[in-house]
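Chain and residue survey
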Amino acid sequence: MEKVHKDTLIGVIDAGTRTVKFCVFRPGHTKEIAEHTVDIVTHTPQEGWSEQDPKEILSAVRKCIENVVQQLGLEAINIITLGITNQRETTILWDKTTGEPLYNAIVWNDIRTDSTVDIILAKVPDNNTNYFKNICGLPISPYFSAFKIKWLMHFAPQVKKAIKAETCLFGTVDTWILWNLTGGAKGGKHYTDVTNASRTFLMNIELLTWDPLLLHTFKIPANILPEIKSSSEIYGRVARGFPLENVRISSILGNQQASLVGQRCLKEGQAKNTYRSGCFLLYNTGISKVQSTHGLVTTVAYKFGSKPAVYALEGSVAVAGAAMKWLRDNMGFMGDIQKETESLAQEVFNTGDVYFVPAFKGLYAPYWRKDARGIICGLTAFSTKQHIIRAALEAVCFQTRDILEAMNKDCGIPLTKLHVDGKMTVNSLLMQLQADISGMPVVRAQSQDITALGTAMAAGAAEGIKAWEIYSEERELVPSDTFLPTSTESGHLA
Ligand SMILES: Nc1ncnc2c1ncn2[C@@H]1O[C@H](COP(=O)(O)OP(=O)(O)O)[C@@H](O)[C@H]1O
Ligand SMILES: O=P(O)(O)OC[C@H](O)CO
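Residues numbered from 1 in each chain as written. Chains lettered and ligands numbered in written order. Predicted model: local features only at pLDDT ≥ 70, side-chain atom pairs only at ≥ 80, totals over all residues. Heavy atoms only, no water.

You'll find the protein chain entered in an unreviewed UniProt entry as glycerol kinase, with Acanthoscelides obtectus given as the organism. Entered under Pathway (unreviewed entry) in the UniProt record, the comment concerning the protein chain runs "Polyol metabolism; glycerol degradation via glycerol kinase pathway; sn-glycerol 3-phosphate from glycerol: step 1/1." Quoted verbatim from the Sequence similarities (unreviewed entry) field of the UniProt record, the comment on the protein chain reads "Belongs to the FGGY kinase family." (UniProt positions renumbered as here; feature names shortened; annotations may be inferred.)

Written out as structure tokens, the structure is:
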């Protein structure tokens, strides 16, 4: 292992859907030494719409860094580098001369672009959802950024104007933060990394460059797009006016890819599932791209510097923990999700044959049905809120099982265990149900910060800090506990 100065520290900006966090790691350690989190408001101006204020994201980043710097006192000077990880697909357009956003950020799970999707579908033979999959790895769906950009180009006059004046820039949340941190209108770096670019629907997954046919199909001008970089290299330095001025920024990873790295699923055939608002299962397929024929997405897992890109198959589920929030906020079934979900669901032995499909905004993998909507069925006069809460937990597990089945069919080599992380995994009943429903051991990471850890590892790698031994044979970096399947009759995957 390369010698690292004992005081060196690495900072990570984790800009998620619900919160922005800044935390700091000591190389080689898996637990952060300081962190601060700020909630982000999501606006719903119309049903199915989901927007955030890009400036609020930025001021949350600033607040979080300032708070952590204060916590660390003099030690903050040891933060030598920063990484950025982020909610993916969320789309921001801004004016490069003023630095002002041209519209709110359109969040990944926003479904206003249904009609845009139909326009694109109408252009392809047989309305084939998978028509561009061999180019970008993705099915046609409102989930991906290109549909959001196209919607903005059509419906936001200020965007049209800025595009005409050639002052418009596009970025996912990583790019917005990087551009602003490195100087904004005064020379900010307009870059993204391959993992985020692979979620836009505009990148050629083979060449890792913006694809002319896709740009032409969406009529998106190339001059609004950021330059695509690797996930681990030095992109620039924090500009004057921001805390941690002059510190290098040296990793960018979409948050689901970051947790794949943090879980050290760095070899072909290793997979992880992250349970948060949504649920995202990524299976490392090495340097080869597996084209799914069973509804999964081909995505870039990571690219460290000049090393070849590593790919993953991804199964994305739009609603997982978000169903618990719905049961709390819309149904009033509980007051505190963390404290009550598990105990309420434990009060009944099963769901009493109640099933819950939380397709609030359509269904993602493996179905890709933008027209699907939620359903609760099997209700009887005996059904209680406990049955429905338990059914909501089972729904997360069934959706994961659907994805595991699709992965096994696509890859031919069945997974033998599932590594999991994310806030929802504190729910041990959910973990046991997942082991039973998928018929395989579920290995739960004993850390909530796998995403940030993966980003710190990538930032460290760019700086020559090999303290986490990214390529070592030993996989288990973070302590874990395992849930074994207790029932097998329905638990075996097809
Ligand atoms: N004990 C629990 N049981 C079930 N769901 C939980 C529990 N604790 C948190 N959740 C759910 O997990 C999700 C946590 O999401 P969070 O990590 O805040 O990320 P994000 O909303 O950015 O995806 C929330 O949707 C919440 O409803
Ligand atoms: O911020 P999260 O954890 O909800 O992750 C969102 C995903 O990146 C969307 O693809």
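Re the overall build of the protein chain
Across its full length, the protein chain carries 14 helices and 23 strands. For the protein chain, the C-alpha radius of gyration of 22 Å lies close to 23 Å, the compact-globule estimate for 494 residues. Projected onto the principal axes, the alpha-carbon positions of the protein chain cover approximately 65 × 55 × 45 Å. A burial count over the protein chain gives 61% of its 494 residues as buried. Restricting to contacts in the protein chain with at least 6 residues of sequence separation, those with at least 24 account for 71%. Taken as a whole, the protein chain presents about 19,400 Å² of accessible surface, with 53% of it coming from carbon and sulfur. Between the averaged position of the 50 positive side-chain charges in the protein chain and that of its 50 negative side-chain charges there is a distance of 5 Å. (Helix = DSSP H or I, 4+ residues; strand = E, 2+ residues; numbered from the N terminus. Rg over C-alpha atoms; globule rule 2.2 N^0.38 Å. Buried < 20%, exposed > 50% of the residue type's maximum accessible area, 1.4 Å probe, protein only. Contact = heavy atoms within 4.5 Å. Areas by Shrake-Rupley, 256 points an atom, 1.4 Å probe, with all protein chains shown as cover. Lys, Arg positive; Asp, Glu negative; His and termini not counted. Charge placed at Lys NZ, Arg CZ, Asp CG, Glu CD.)

So, the pattern of salt bridges
Evaluated as defined, the whole model comprises 20 salt bridges. The closest approach of N and O atoms between Lys370 and Asp118, which form a salt bridge, is 3.1 Å. With Lys370 in the loop between strand S19 (355–357) and strand S20 (375–377) and Asp118 in helix H2 (residues 114–123), this residue pair connects regions lying 252 residues apart in the sequence. Residue Asp118 is classed as partly exposed on the basis of its relative accessible area of 40%. What you see here is one network of salt bridges that share partners, running through Arg88, Glu89, Arg199 and Glu314. (Salt bridge = Lys/Arg side-chain N within 4 Å of Asp/Glu carboxyl O.)

Brief notes about unusual backbone geometry
Pro366 follows Ala365 through a cis peptide bond whose omega is -10 degrees. The phi angle at Glu89 is positive, at roughly 70 degrees, despite the residue not being glycine. In this structure, Glu89 sits in the loop between strand S5 (79–86) and strand S6 (92–95). With relative accessibility at 1%, the residue Glu89 sits in the buried group. Despite not being glycine, Asp353 has its phi angle at roughly 65 degrees, a positive value. Mapped onto the elements, Asp353 comes out in the loop between helix H11 (337–346) and S19.

Overview of the packing of aromatic side chains
Taken as a whole and assessed by the stated rule, the structure comprises 23 aromatic pairs. Aromatic pair Phe132 and Phe201: ring centres 6.0 Å apart, planes at 80 degrees, arrangement edge-to-face. Taken together, the positions of Phe132 in the loop between H2 and helix H3 (133–136) and Phe201 in the loop between helix H7 (194–197) and strand S10 (203–204) put the pair 69 residues apart, joining distant regions of the chain. You'll find Phe132 and Phe201 in the same group, each marked buried. We note Arg88 situated over the ring of Phe280; from NZ or CZ to the ring centre the distance is 5.2 Å. Directly above the aromatic system of Trp49 lies the positively charged group of Arg112, at a separation of 3.8 Å from the ring centroid. (Phe/Tyr/Trp six-rings, centres within 6.5 Å; stacked < 30°, edge-to-face > 60°. Lys NZ or Arg CZ within 6 Å of the ring centre and 35° of its normal.)

Focus on the state of the cysteines
By definition, a disulfide is the covalent link that joins the sulfur atoms of two cysteine residues. Overall, the coordinates contain zero disulfides when judged by the stated rule. Its sulfur unpaired, Cys64 is 9.7 Å from the next cysteine sulfur, which belongs to Cys23. With relative accessibility at 0%, the residue Cys64 sits in the buried group. (Disulfide = S-S within 2.5 Å.)

Here's the deal with helix H9 (residues 255–262)
With eight of eight residues buried, H9 lies mostly within the body of the structure. Residues of H9 that are buried: Asn255, Gln256, Gln257, Ala258, Ser259, Leu260, Val261 and Gly262. Immediately beyond the C-terminal end of H9, within one or two residues, lies Arg264, with a positive phi of roughly 55 degrees.

Brief notes about the sheet that holds strand S2 (residues 19–25)
Taken together, six strands build an open sheet; the order of strands is S3-S2-S1-S5-S14-S13 and the sheet is mixed. The sheet terminates laterally at strand S3 (34–39) and strand S13 (232–237), the two strands that pair on one side only. Looking at each pair of strands side by side, their axes are set apart by 25 degrees on average, direction ignored. Pairing geometry for strand S1 (residues 9–15) and S5, over seven bridges, is parallel. Residue Asp14 lies in a different strand from S5, and its bridge partner there is Thr85. Where helix H1 (residues 54–72) meets the sheet, its contacts fall on S1, S2, S3 and S5, and the angle it forms with S3 comes to roughly 150 degrees. (Pairing = 2+ DSSP bridges. Axes fitted to C-alpha atoms, helices over the stretch in contact; angles between N-to-C directions.)

Quick look at the sheet that holds strand S16 (residues 279–286)
Across a sheet, strands are paired by hydrogen bonds formed along the backbone, either parallel or antiparallel in direction. Reading across from one edge, S17-S18-S16-S15-S21-S22-S23 is the order of the seven strands in this open sheet, with mixed pairing throughout. At either margin of the open sheet sits one strand with a lone partner, and together these are strand S17 (297–302) and strand S23 (480–483). Looking at each pair of strands side by side, their axes are set apart by 30 degrees on average, direction ignored. On the sheet, H9 packs against strand S15 (271–275), S16, S17 and strand S21 (418–421) and is oriented at approximately 55 degrees with respect to S17. Helix H12 (residues 385–411) rests against S15, S16, strand S18 (310–317) and S21 of the sheet, and its axis sits at about 145 degrees to S18.

Some details on the site of ligand 2
Around ligand 2, a shell composed of Gly16, Thr17, Gln87, Arg88, Glu89, Trp108, Tyr143, Asn255, Gln256, Arg276 and Phe280 is seen. Contact distances for ligand 2 include 3.0 Å between an oxygen atom and a side-chain N or O atom of Arg88. Residue Gln256 places a side-chain N or O atom 3.4 Å away from an oxygen atom belonging to ligand 2. Burial of ligand 2 by the surrounding chains reaches 99%, relative to a free accessible area of 310 Å². (Near = heavy atom within 4 Å. Polar contact = N/O pair within 3.5 Å; in protein donor to acceptor, adjacent residues only side chain to side chain.)

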